[in-house]
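So you can see what is in the structure, the chains are spelled out below.
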Amino acid sequence: MSLIAKGILQGMAVTAKNFIQSYYKKERLPTVEYPEEKSTVNQFTRNIPFLVYDGEDEIEGMRCTACKLCEKACPPQCIYIIKDTDENDKPIKRPKVFDIDSSVCMSCQLCVEVCPFESIRMDSEFELSNENRFEGLLINRDELLKSNEYYHEIHPIEAQETDDRIAAKIAEAETKKKAREEKARLAAEAKQAAAAMKAAEEAAAETETSATEQAQQSEAKAEAPEDNPETKNT
Amino acid sequence: MPARGYHLSKDELGADILEVAMGPHHPSTHGVFRMDLKLDGETVVDLKPIFGYLHRNHEKLAEDIPYLGCMPFTDRLDYLCGMTNNWAFALSAEQLIEIEIPERAQYIRVICAELTRLINHCLLVGFFINDLGALGTPLLYALREREKILDLFETLSGARMMVNYMRFGGVRCDLPDGWLQECERIVGRFPAFLDEYETLLKDNEIVITRSQNVGVLTQEEATNFSITGPMLRASGVNYDIRKVDKYGIYDRFDFKVPIGAHGDCYDRFMVRMLEMRESIKILKQAIADIPEGPIMGNEPRVFKPDPQETYGRIESPKGELGFYLIADGTTNPYRYKVRPPSFVNLTALRHMCIGHKVADAVIILGSIDIVLGEVDR
């Protein structure tokens, strides 16, 4: 076997083809010079969870109700929640503390799947490096809260689906409420009708009884003069 | 096994046996793996594989979390093939609760698994050539093609490698719009890449000289070592779990199982190249046949299976990947055991390396296709 052989030359032709085409074919050179140039992030990318709020105010619009389902579902247990209380120490449906340890989180999305309030969602932010090794990687509630508009910006399709689902839920709740009201109204009406009927029946029964009584009385009265004609006269 | 070429033995040199600790920070050990080599000159006379540097307590950890919680951890076993790991675990857990998997989900699973096979073999071939001395270039061509499939996975599941995509009774979400067309396009272009890659490497004299008759494992030895996967098939044993078990819907596809004749490193490399072509065949059939419909049954997220044992196995790109589960009636598995293919395949390393040069030990290790996440767990 000679050193420069057919197989090697064939291979070098392939390398040369790749080298030359890398100047004008995007497919041959798909890399980007990262910090200066950034490729677009796929809209389905998930990285670290965040909390969605509706409207302007972070605290008022918070969807999270501190039900702690995500805390239970998280396999590496990186979520920590404390429920908020009002001035009378009564629990409010809102988290006071909502911490996610981003150094522990493994981006599995199980928290998103269990959330019944469409509150916790995945962010596609990937530049999470930090100088502070401990506190810097622990993300607290206020840093986690992001608006629904931001959610629409990073995951347009998913956010739209979520909004539709929430709207459907609200609509369903409303129809249910309406149905409930209607039912209650109908029940009340039925009750009224029943009551009225009962009353009517009672009244009818009363009239009947009274009629019989009257009849009896009249009979009695009729009998009475026969029995005691003197008393009438007296 | 005769070592090729001329070298001075330790007796001629008047030297001792040299002990070398290769790794754990050696670039050719594919992770944190150490080989304690005993060398006579340049020839390996003994080899001791030492691992455990990446031990993450995977099996014990699973005993404290519900079945579904184990799913994201399986991605981190063989971190190059998240989809097949998911499937193997889902398969064995589904045996515990006996659920029907919708037709569409079955097809999605097959597509994902075969794409994973492409990814894994791309990388393996790239790193194998890298170990041979062709630093960088062929590997980067392979990585470039792999990247396209990783983008597909990102669109599908949200993550490139740690997919966490399969669920008991189906898959997590349906294919996004246009995903299947994109997948078809990438799969359609893949054979061109394979042709180019074969032109680059198949007939290359250096590749042939370095890898033929190196690390030979005969048919008998391979079965005795319980080797599975492409490595077993390279030794000439026709055993593919996709054909043997026909798990999922693999009985519907028409594909061949490439078999090697010599059981050397070159055969292992070529079996993988041919397997990629067969995977493309399966992918094309699956993309053409995939039906519409639901992707997930109505299964509860947390379930309590009756006390029993199961073993579910699939043909992962590296070999037989099995999950042995013991249920005790609670929501967590009582015992969760992984049968990792690369760990079992690694047992033949010493046998294959003895008598070869140090440089060949690197190639032999590369041809086994180990991922330390799976070896150490």
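Predicted, not measured: the structure shown is a model, and the values here were computed from it.

Asker: What is the right way to read the overall build of chain A from this model?
Answerer: Looking only at helices and strands, chain A features seven helices and six strands. Counting helices and strands in the order they occur from the N terminus, chain A gives α-β-α-β-β-α-β-β-α-β-α-α-α. Residues classed as buried in chain A amount to 17% of the 234 residues present. For chain A, contacts bridging at least 24 residues in sequence account for 67% of all contacts bridging at least 6.

Asker: Could you clarify how one ought to interpret the environment of Pro24(B) in this entry?
Answerer: Residue and element names in this part refer to chain B. The topology assignment puts Pro24 in the loop between β1 (18-22) and β2 (34-40). Expressed as a C-alpha distance, the spacing of Pro24 and Ala93, which sit 69 residues apart in the sequence, is 35 Å. Each residue touching Pro24, except ones within four places of it in the same chain, is listed here: Thr29, Val32, Phe33, Arg34 and Tyr53.

Asker: Honestly, the environment of Gln109(A) in this entry has me stumped. Any pointers?
Answerer: Residues and elements named next belong to chain A. For Gln109, the position within the fold is in the loop between β3 (91-101) and α3 (110-114). Gln109 gets classed as buried once you count the C-beta atoms within 10 Å, which come to 22. Distance in space between the C-alpha atoms of Gln109 and Ile120 is 9.5 Å, their sequence separation being eleven residues.

Asker: Honestly, the pairing of strand β8 (residues 333-339) of chain B in this entry has me stumped. Any pointers?
Answerer: Residues and elements named next belong to chain B. As defined by bridge partners, strand β7 (residues 319-327) adjoins β8 across six bridges and the pair is classed as antiparallel. Bridge assignment links Gly322 to a residue of β8, and that residue is Arg339. What sits between β7 and β8 in their antiparallel hairpin is a turn of five residues, with Gly329 showing a positive phi close to 90°.

Asker: Explain the interface of chain A and chain B to me, please; I cannot follow it from the model alone.
Answerer: Buried accessible area, meaning the area lost when the parts come together, often serves as the stated size of an interface. Listed per partner, the contact involves 22 residues of chain A and 23 residues of chain B. In terms of residues, the side of chain A that touches chain B owes the most to one element, helix α1 (residues 6-21) of chain A, which gives eight residues. Class assignment for the residues of the side of chain A that touches chain B results in eleven nonpolar, nine polar and two charged.

Asker: Whenever I open this one, the nonpolar core confuses me. Can you help?
Answerer: Nonpolar side chains tend to gather and get buried jointly when the protein is soluble and globular. Counting 106 residues, the largest nonpolar core has Cys70(B), Trp87(B), Ile111(B), Leu349(B), Ala361(B) and Ile364(B) as its most contacted members. Element by element, the count of residues in this core is highest for helix α5 (residues 103-132) of chain B, at 18 residues. For Leu349(B), the contacting residues outside a window of four places in its chain are Leu47(B), Pro49(B), Ile364(B), Leu365(B) and Ile368(B). Ranked by size, the runner-up nonpolar core spans 24 residues in total, among them Met62(A), Ile100(A), Cys111(A) and Ala159(A).

Asker: Any chance you could explain the sheet that holds β1(B) here in plain terms?
Answerer: Residues and elements named next belong to chain B. Reading across from one edge, β1-β2-β3 is the order of the three strands in this open sheet, with antiparallel pairing throughout. The open sheet has two edge strands with one neighbour each: β1 and β3 (43-50). For this sheet, the mean inter-axis angle between neighbouring strands, taken without regard to orientation, is 20°. Here five bridges tie β1 to β2, and the two strands are oriented antiparallel to one another. For Met22, the partnering residue across the bridge sits in β2 and is Met35.

Asker: Can you walk me through the domain arrangement of chain A in this structure?
Answerer: Residue and element names in this part refer to chain A. Per the domain assignment, the segments making up chain A are domain 1 (48-154) and domain 2 (155-206). Between domain 1 and domain 2, the residue contacts involve four residues of the former and six residues of the latter. Looking at the side of domain 1 that touches domain 2, its residues break down into two nonpolar, one polar and one charged.

Asker: Help me out: how do you make sense of the confidence of the model for chain A in this one?
Answerer: Segments scoring low in pLDDT should not have their predicted coordinates read at a detailed level. Looking at chain A, the pLDDT average stands at 80 and 86% of residues meet or exceed 70. Segment residues 228-234 of chain A is flagged for pLDDT under 50; beyond a separation of four residues in sequence, or across chains, it makes one contact in the model.

Asker: I would appreciate a short explanation of the sheet that holds strand β4 (residues 120-123) of chain A in the present structure.
Answerer: Within a sheet, neighbouring strands are paired by backbone hydrogen bonds and run either parallel or antiparallel to one another. Residue and element names in this part refer to chain A. Strand order across the open sheet formed by three strands is β4-β1-β6, with mixed pairing between neighbours. In the strand order of this sheet, the two ends are held by β4 and β6 (145-147), each with one partner. Direction aside, neighbouring strands of the sheet carry axes that sit 55° apart on average. As paired strands, strand β1 (residues 48-53) and β6 are joined by three bridges and run parallel to one another. Bridge assignment links Tyr53 to a residue of β6, and that residue is Ser147.

Asker: Is there a simple way to think about unusual backbone geometry in this case?
Answerer: What you tend to see is this: most non-glycine residues have negative phi, and most peptide bonds are trans. We note that Ser226(B) has phi near 55°; this positive angle belongs to a residue other than glycine. Structurally, Ser226(B) is set in the loop between α9 (219-224) and α10 (230-234).

Asker: It is not clear to me how the packing of helix α4 (residues 82-97) of chain B against α5(B) should be interpreted in this structure. Could you clarify?
Answerer: Describing two packed helices takes the angle between their axes plus the distance from one axis to the other. All names here are of chain B. It is at 7 Å that the axes of α4 and α5 come closest, and there the two elements cross at 135°. Judged on the interaxial angle alone, α5 and α4 are oblique. Crossing hand, α4 versus α5: left-handed. Within the contact between the two elements, α4 uses Met83, Thr84 and Trp87 and α5 uses Arg109, Cys112, Ala113 and Thr116.

Asker: Teacher, can you tell me more about the packing of helix α6 (residues 137-157) of chain B against helix α7 (residues 179-201) of chain B here?
Answerer: Residues and elements named next belong to chain B. Packing of α6 against α7 brings their axes to within 11 Å, and their N-to-C directions diverge by 170°. It follows that α6 is roughly antiparallel to α7 by the angle criterion. Along its contact with α6, which presents Pro138, Tyr141, Glu145, Lys148, Ile149, Leu152, Thr155 and Leu156, the element α7 presents Trp179, Glu182, Cys183, Ile186, Phe193, Tyr197, Leu200 and Leu201. When the residues that make up the contact of α6 with α7 are grouped by side-chain class, the tally is twelve nonpolar, one polar and three charged.

Asker: In this structure, what is going on with α5(B)? I would like to understand it.
Answerer: Helical periodicity: at 3.6 residues per turn, an α-helix aligns residues three or four positions apart in one direction. All names here are of chain B. The end-to-end C-alpha distance of α5, which contains 30 residues, comes to 44 Å, matching closely the 44 Å that a straight helix rising 1.5 Å per residue would cover. Of all 30 residues in α5, 28 are buried, a share of seventy percent or more. Gly133, located one to two residues past α5, shows a positive phi value of around 120°.

Asker: Explanation requested: the confidence of the model for chain B in the structure shown.
Answerer: All names here are of chain B. Confidence along chain B averages 85 in pLDDT terms, with 96% of residues attaining 70 or more. Mean pLDDT across the secondary structure elements of chain B bottoms out at helix α1 (residues 10-13), with 66, and peaks at β7, with 90. Below pLDDT 50 for its whole length, residues 1-5 participates in seven contacts with residues either more than four positions away or in separate chains. Listed scores for the predicted complex are pTM 0.81 and ipTM 0.75.

Asker: Help me understand the environment of Asp289(B) in this model?
Answerer: You can see Asp289(B) is positioned in helix α12 (residues 265-289). The class of Asp289(B) is partly exposed, set by 13 C-beta atoms lying within 10 Å.

What counts, and at which threshold
- Residues numbered from 1 in each chain as written.
- Chains lettered and ligands numbered in written order.
- Predicted model: local features only at pLDDT ≥ 70, side-chain atom pairs only at ≥ 80, totals over all residues.
- Helix = DSSP H or I, 4+ residues; strand = E, 2+ residues; numbered from the N terminus.
- Buried ≥ 20, exposed ≤ 12 C-beta atoms within 10 Å, placed from the backbone.
- Contact = placed C-beta atoms within 7 Å.
- Pairing = 2+ DSSP bridges.
- Nonpolar A, V, L, I, M, F, W, Y, C, P; charged D, E, K, R; others polar.
- Core = buried A, V, L, I, M, F, W, Y, C linked by C-beta atoms within 7 Å.
- Axes fitted to C-alpha atoms, helices over the stretch in contact; angles between N-to-C directions.
- Domains from an automatic or database assignment.
- pLDDT = per-residue confidence, 0-100.
- Parallel < 35°, antiparallel > 145°, perpendicular 65-115°, else oblique.
- Left-handed = near helix turned anticlockwise from the far one by under 90°.
- Expected span 1.5 Å × (residues − 1).

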